[in-house]
Amino acid sequence: MTFLVFATCALFSCSDDENDPSKDDNEPPLSEATVPTPNPYLASEHYSLTHFNSAQTDAFPYAVKGGTFQMNPDDCASTWSGPVNLMTLSSTDPDYMWGMCSDRVSYIHIADGAFERVAEIGLPNGIQMNTEENLRKLVDTQYTSTDQLYADAVEILGKYPQMSMSNGNYVICDNENYAYTNARTVICRYKLKEAGNPKAGIVLDKQVDMAPYMDNPQTLVGMVMTYDGYLVVASGNGIAIIDRTMSMPPVVKLIPDDQVITNSAAVDEHNGIYIASNSRTPGGKGIMHKFGKLSEDEADGAWTASYDGGPEAPAIKMGYGTGSTPTLMGFGDDEDKLVVITDGAKRMKLVAFWRDDIPEDAVPVDAENPRIADQKEISCGLSASTEWIQSEQSVAVSGYGAFVVNNVIPNTVPDKIVAVLSIGPLVTPPFGVERLQWDTEKNQWYSVWTRSDVSSISMIPAISTASNMVFVNGYTEADGWEVTGLDWGTGATSHRVIFGQTSRGNGAYAIIQYMENGDLLFNSVGGPFRVKL
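Residues numbered from 1 in each chain as written. Predicted model: local features only at pLDDT ≥ 70, side-chain atom pairs only at ≥ 80, totals over all residues. Heavy atoms only, no water.

Caption draft 1: Just the overall build of the chain, in detail. Regarding its fold elements, the chain presents 3 helices and 37 strands. The globule rule puts the C-alpha radius of gyration for 533 residues at 24 Å, and the 21 Å found for the chain is close to it. By principal-axis analysis of the C-alpha atoms, the chain measures approximately 60 × 60 × 45 Å. Classification of the 533 residues of the chain by burial places 63% in the buried group. For the chain, contacts bridging at least 24 residues in sequence account for 60% of all contacts bridging at least 6. (Helix = DSSP H or I, 4+ residues; strand = E, 2+ residues; numbered from the N terminus. Rg over C-alpha atoms; globule rule 2.2 N^0.38 Å. Buried < 20%, exposed > 50% of the residue type's maximum accessible area, 1.4 Å probe, protein only. Contact = heavy atoms within 4.5 Å.)

Encoded structure:
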């Protein structure tokens, strides 16, 4: 490992709003921001479900040191799985984590700097575990064309490579150390064969096929835990609540036929469920839903509001509406309580909805849509002629700050997995990120900074509240794949982990994680590995 200290900060572009008088130059550090109420039914306050917590903020409290680190993934302790290794979950034992991916579930020993898989098990429903040899072929081959990559992907992953994304979409570990995932339409619950002896193996404890209950969807697209210990499961057609023992039939709420869900839900401490659906028609309006434990009654706190859709994006992003799992903003005694997404417009907007009672001083930005608190078009510092500024990622949030990325390229790659493997080395990657702030006095967004030179291809960004940094995974021709850490206040580059040209530096729709001691836990397309920093 080579460590280089920054001599100068990277160049970055400020937004047009940098001199906005509403901007608070004395904004407190992120470590002082109010955080979501911990969910007592999760294994840990952090990292026990996708997007880190029930509010889906993508923020973690561990410190990460600045600097530039040149790393070879082959020198790191690692496991092999994939091609999508969504997240490595906290378990109830701080010495172990659950490895959750599209082809298996594993249990990983992490104590004292280790990262060793001690047990693994496949998924049901006819899903095959990919061999290390095949995964190495996908990540180590220096492909010269997308056709060559597509041929190998079909050989290894099947006729439709992107179908591998139908498994392990969203994952959870509960307070009894059960790990939950999906195998297409089947919810799977795993446990250790012997609680005190992980090397004895993992067993598939329970499974329920949700297809008969949810109008036969192709796959499940989301899963989260309520604060009273029930699973909320999403498919394209609606959402369902099922008890964790899976002993009772689920309670299902289907959405209108002209809508489709493509991402998961957020849950508040009162068990309000927030989920966004997209129109099935290009350019049609999507719907932001709040359910009061599946109730649509306003007396139970439920509401709906429409938001703008758009055309289908050429690559990475799916559907005609938001690419975001909703993120909650504002907790505890914070003045404004919001839920935020990006919309489906070609040049997306950051949209904030009032999630509880609409404040008396709120001025509607859309008279027919009073739930919308504000919406602001995102530029990412890119020129006004840029056709696409869109995202498949949720909005990363800490305090009243929000961070969004541009994931979309103008040219089409036909299969989403082939696209995510080819963008960067074979296809010019997307660039552009933006940091925004919610003004609680004016009830509006303002832009804090933009970086048009930063690449974020498909990984979910993450925020270190201890280090005031936000992290993305991207590719440049000069340095290859890397994780880039940006200063939350200024946008300056303050951290880089450079992997070079190996596609093991590609995170393929997964989320960026750092461990409690500051090591990078990189959920690579070939399997997670630990980078000691």
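Caption draft 2: Molecular detail of unusual backbone geometry. Between Gly82 and the following residue, Pro83, the backbone shows a cis peptide bond with an omega angle of 20°. Looking at where Pro83 falls in the secondary structure, it is placed in the loop between strand 5 (77-78) and strand 6 (87-90). With a phi close to 70°, His51 is a non-glycine residue in the positive phi region. Looking at where His51 falls in the secondary structure, it is placed in the loop between strand 2 (13-14) and strand 3 (59-60).

Caption draft 3: View of the pairing of strand 37 (residues 527-531). For strand 37, the buried fraction is high: 5 of the 5 residues fall into the buried class. Residues Gly527, Phe529 and Val531 point to one face of strand 37 and Pro528 and Arg530 to the other, with burial holding for every one of them. Strand direction decides the pairing type here: strand 36 (residues 520-524) and strand 37, joined by 5 bridges, are antiparallel. Along strand 37, the bridge assignment pairs Leu521 with Arg530. The antiparallel hairpin formed by strand 36 and strand 37 contains 2 residues in its connecting segment. (Pairing = 2+ DSSP bridges.)

Caption draft 4: Region of the structure containing the packing of aromatic side chains. This structure, assessed with the given rule, holds 18 aromatic pairs. Considering the side-chain rings of Phe60 and Phe471, the 6.3 Å spacing of their centres and the 25° angle between planes classify their relative orientation as stacked. With Phe60 in strand 3 and Phe471 in strand 32 (residues 469-476), this pair connects stretches of sequence that are 411 residues apart. Exposure remark for Phe471: the relative accessible area of 0% places this residue in the buried category. By way of ring pairs, the aromatic residues Tyr47, Phe52, Phe60, Tyr62, Phe471 and Tyr514 are connected into one cluster. Between Arg189 and the ring centre of Tyr178, over which it is positioned, the NZ or CZ distance is 3.7 Å. (Phe/Tyr/Trp six-rings, centres within 6.5 Å; stacked < 30°, edge-to-face > 60°. Lys NZ or Arg CZ within 6 Å of the ring centre and 35° of its normal.)

Caption draft 5: Region of the structure containing the side chain of Gln393. Locating Gln393 in the fold gives a position in the loop between strand 26 (372-377) and strand 27 (396-398). Overall, Gln393 belongs to the buried group, its relative accessible area being 4%. A distance of 2.7 Å separates the side chain of Gln393 from the backbone oxygen of Ser458, its partner in a polar contact. (Polar contact = N/O pair within 3.5 Å; in protein donor to acceptor, adjacent residues only side chain to side chain.)

Caption draft 6: Up close: the sheet that holds strand 12 (residues 186-192). Pairing within the open sheet is antiparallel, and its 4 strands lie in the order 10-11-12-13. The open sheet terminates on both sides in strands that have one partner only, identified here as strand 10 (172-173) and strand 13 (202-209). Of the strand pairs in this sheet, strand 12 and strand 13 are connected by 7 bridges, and their pairing is antiparallel. Looking at strand 13, one finds that Leu192 is bridged to Ile202.

Caption draft 7: Highlighting the nonpolar core. Counting 82 residues, the largest nonpolar core has Trp98, Val497, Phe499, Tyr514 and Leu520 as the members making the most contacts within it. Among the elements that line this core, the one with the most residues is helix 3 (residues 416-422), at 5 residues. Discounting chain neighbours no more than four positions away, the residues touching Tyr514 are Tyr47, Phe60, Tyr62, Val64, Phe471, Val483, His495, Val497, Asp519, Leu520, Leu521 and Leu533. Membership of the second largest hydrophobic core comes to 33 residues, among which are Ile172, Met214, Leu231 and Ile241. (Core = buried A, V, L, I, M, F, W, Y, C linked by side-chain atoms within 4.5 Å.)

Caption draft 8: Spatial organisation of the pattern of salt bridges. A complete count under the given rule lists 24 salt bridges for this structure. For Arg504, the salt bridge identified is with Asp74, shortest N-O distance 2.8 Å. Of this pair, Arg504 sits in the loop between strand 34 (493-500) and strand 35 (513-514) while Asp74 is found in the loop between strand 4 (67-70) and strand 5, placing the two residues 430 residues apart along the sequence. The closest approach of N and O atoms between Glu120 and Arg104, which form a salt bridge, is 3.1 Å. (Salt bridge = Lys/Arg side-chain N within 4 Å of Asp/Glu carboxyl O.)

Caption draft 9: A look at helix 1 (residues 132-140). Along helix 1, the positions that sit buried rather than exposed are Leu135, Leu138 and Val139. End-on view of helix 1: buried residues confined to an arc of 90°, all on one side of the axis. For helix 1, the elements touching its buried residues are helix 2 (146-157) and helix 3. (Arc of directions from axis to C-beta.)

Caption draft 10: Local environment of the confidence of the model for the chain. With 95% of its residues at a pLDDT of 70 or more, the chain shows a mean pLDDT of 93. Confidence drops under pLDDT 50 across residues 1-24; counting only partners more than four residues distant or on other chains, this segment forms 53 contacts. (pLDDT = per-residue confidence, 0-100.)

Caption draft 11: Structural context of the pairing of strand 20 (residues 272-279). With respect to burial, strand 20 is a largely interior element, 8 of its 8 residues being buried. With 2 bridges connecting them, strand 18 (residues 259-260) and strand 20 associate as antiparallel partners. Considered in strand 20, the bridge of Val260 is made with Asn278. Where strand 19 (residues 266-267) meets strand 20, 2 bridges bridge the pair, whose relative direction is antiparallel. Directly across from Ala266, in strand 20, lies its bridge partner Tyr274. Connecting the antiparallel pair strand 19 and strand 20 is a turn made up of 4 residues, with Asn271 showing a positive phi of about 70°. Here strand 20 runs beside strand 21 (residues 286-292); their pairing, made up of 6 bridges, is antiparallel.

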